[in-house]
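# Residue-level structure breakdown
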Number of protein chains: 2
Amino acid sequence: MKAERYYGIDVGGTSVKIGLFQGETLLEKWSVTTDTSDGGKNIVRDIVKSLPGPAAGAAMAVPGAVLPDGTVNRCVNLGWGVCRPTDEFTALSGIPCRVLNDANAAALAEQRLGGGKGRRSIVMVTLGTGVGAGVVLDGRLLVGARGTAGELGHMCMDPLDSAAACTCGHVGCLETYASATGIVRLAAQAGVTGLDCKQILDGAAAGDAALEAVADRACDLLGRGIASCCALLDPEAVVLGGGVAQAGEYLRKKVQDAFDRYAFHACLGTEVLLATLGSDAGICGAALYAMD
Amino acid sequence: MKAERYYGIDVGGTSVKIGLFQGETLLEKWSVTTDTSDGGKNIVRDIVKSLPGPAAGAAMAVPGAVLPDGTVNRCVNLGWGVCRPTDEFTALSGIPCRVLNDANAAALAEQRLGGGKGRRSIVMVTLGTGVGAGVVLDGRLLVGARGTAGELGHMCMDPLDSAAACTCGHVGCLETYASATGIVRLAAQAGVTGLDCKQILDGAAAGDAALEAVADRACDLLGRGIASCCALLDPEAVVLGGGVAQAGEYLRKKVQDAFDRYAFHACLGTEVLLATLGSDAGICGAALYAMD
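The rules behind the values
- Residues numbered from 1 in each chain as written.
- Chains lettered and ligands numbered in written order.
- Predicted model: local features only at pLDDT ≥ 70, side-chain atom pairs only at ≥ 80, totals over all residues.
- Least-squares fit on C-alpha atoms with pLDDT ≥ 70 in both.
- Domains from an automatic or database assignment.
- Contact = placed C-beta atoms within 7 Å.
- Helix = DSSP H or I, 4+ residues; strand = E, 2+ residues; numbered from the N terminus.
- pLDDT = per-residue confidence, 0-100.
- Buried ≥ 20, exposed ≤ 12 C-beta atoms within 10 Å, placed from the backbone.
- Arc of directions from axis to C-beta.

## Comments concerning the relation of the copies chain A and chain B
Each copy of the sequence occupies a distinct position, and chain A is placed on chain B by a rotation of 180 degrees and an axial shift of 0.0 Å, giving an RMSD of 0.0 Å. Read as a symmetry element, the transformation amounts to a two-fold axis.

Listed below in structure tokens is the structure:
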């Protein structure tokens, strides 16, 4: 454990969360509003203005692809194109800064300090508006040659399901079934409208048969996708996070059961776990990345 | 490049291939018959007897899972259960020895010296009786928590295709479509019997419409599986090897086209390449692993 201080910065489309860490201890956290005007050109300056003082290092988690050399390749929600926000951060603050994808930051945090603590290799699946994943292998993030590793949501589950049109342009991607949006879509297909994802999963957990069938379908596909992912990567555990995973043990058990139905025999025993760090995962993961 | 000498040993069910390397140069190679009697207990002794002299190190590529600690977890074709053949090798020869899975050895060799040369991250797909893969990320092999990473052949493509029963106990695994066995099965489904995989692909390449439809189906599924794999791992390139890949450019182009149809947009540009080392890939990869 290092005693120096580090900033972990989670840059979201609405607000930027910032944490000051000493080793793995969060000393304080705050946030600043994300100013997406003018192509997001004020965001880094606003972050630096809010910092209480110097630090040994910092890292920014951003909602977009980050190339292995630290170039950010578009963050639509921030207004950023291809850019190097860390160069500006360091020029303004004098603090060395790294950058990583936000799903990867969450994965690193959950592996070191959260639901995956004690495992060296995990896949962290974030179930939100879409389905993303961060992959930590032997304690290190998998970034990918183009910075896009972990796109579990775009695993094709059924290339013929034209009702499952994905924002990426293909059909049958895992996120068209297992994201919050996908679960609402599956419910609509089953004739249930007017409920959001949380209401659907709450109703399913309370025993509504039609809603439980929707939850079963989403979890079956998610478990099958995770089984294919584990056949390839053979991690110790899979950690479920994001808004949909707030359905907790009800969801976790259904996904574990589906995984066990589809898993390659050598991967049986891989645990499906729940994330535990909630909305602090981004700042924690960024701080850990800064310390690495 | 190291100047010391290393043995690269590829332990197959019929014969053991052995190469003596100086750096990356193969000085000589030979083979010994694999004696699978008595649970394969003579195999290591026979290998050591054949060695012409001392070396700085050695590695064995074996047809089974290898745990991260170097324990071999069953090689059905050799008669081996859970064992540590490297301990016996070193005791008999005085030469330090490592062990790795044979598909992983081929992947390492193709990444460093073969079809994937110049790329730091590749997925090497071996199309033989089954479908296996070896994953090299940032120049290092992905072994997996249980030593079973790279089981691309057991990615589930269609959980409802009961005609596609896999040896693993599930249905719809990629290898039930894209292995030599799978291609023969698809041909039989289309009413074509009595041809082996090579004859089917040769006929398809020569313009036989029924056989070309079989090749198209196999390559469509393979390209789709590889696209899902690349969405997760984002390698620089995919290398096709094994007996089926001897169909060469005809197969490669069909797989590249299918990949391009299914790939997540950020992964477009990933090249599908052919392996170049042939049957020397195992000894080369083992020698490289010994030097690492």
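Moving on, there is more to tell.
## So, the domain arrangement of chain A
Residues and elements named next belong to chain A. As assigned here, chain A comprises domain 1 (5-105 + 280-291) and domain 2 (118-276). The centre of domain 1, based on its C-alpha atoms, is set 28 Å off from the matching centre of domain 2. Each partner contributes to the interface: domain 1 provides 10 residues, whereas domain 2 provides 12 residues. When contributions to the side of domain 1 that touches domain 2 are tallied by element, the ones reaching two or more residues are β5 (65-66), β8 (97-101) and α4 (102-113).

## Some remarks on the confidence of the model for chain A
On average, chain A scores 96 in pLDDT, and the residues at 70 or more come to 99%. Taken over the whole predicted complex, pTM reads 0.93, whereas the ipTM for its chain interfaces reads 0.93.

## A word on unusual backbone geometry
All names here are of chain A. Positive phi is not limited to glycine here, since R74 has a value of about 75 degrees. As for its placement among the helices and strands, R74 is situated in strand β6 (residues 72-75). Unlike most non-glycine residues, D138 shows phi in positive territory, near 50 degrees. Along the chain, D138 falls in the loop between β10 (131-137) and β11 (140-141). We classify D138 as exposed; it has 12 C-beta atoms within 10 Å.

## Re helix α7 (residues 197-205) of chain B
All names here are of chain B. Among all positions of α7, only C197, I200, L201 and A204 are buried. Buried residues in α7, looked at end-on, bunch into an arc of 90 degrees, giving them a common side. Residues of α7 that are buried in the fold lie against α6 (180-189), α8 (209-233) and α9 (249-262). Positive backbone phi, at 105 degrees, marks G207, one or two positions downstream of α7.

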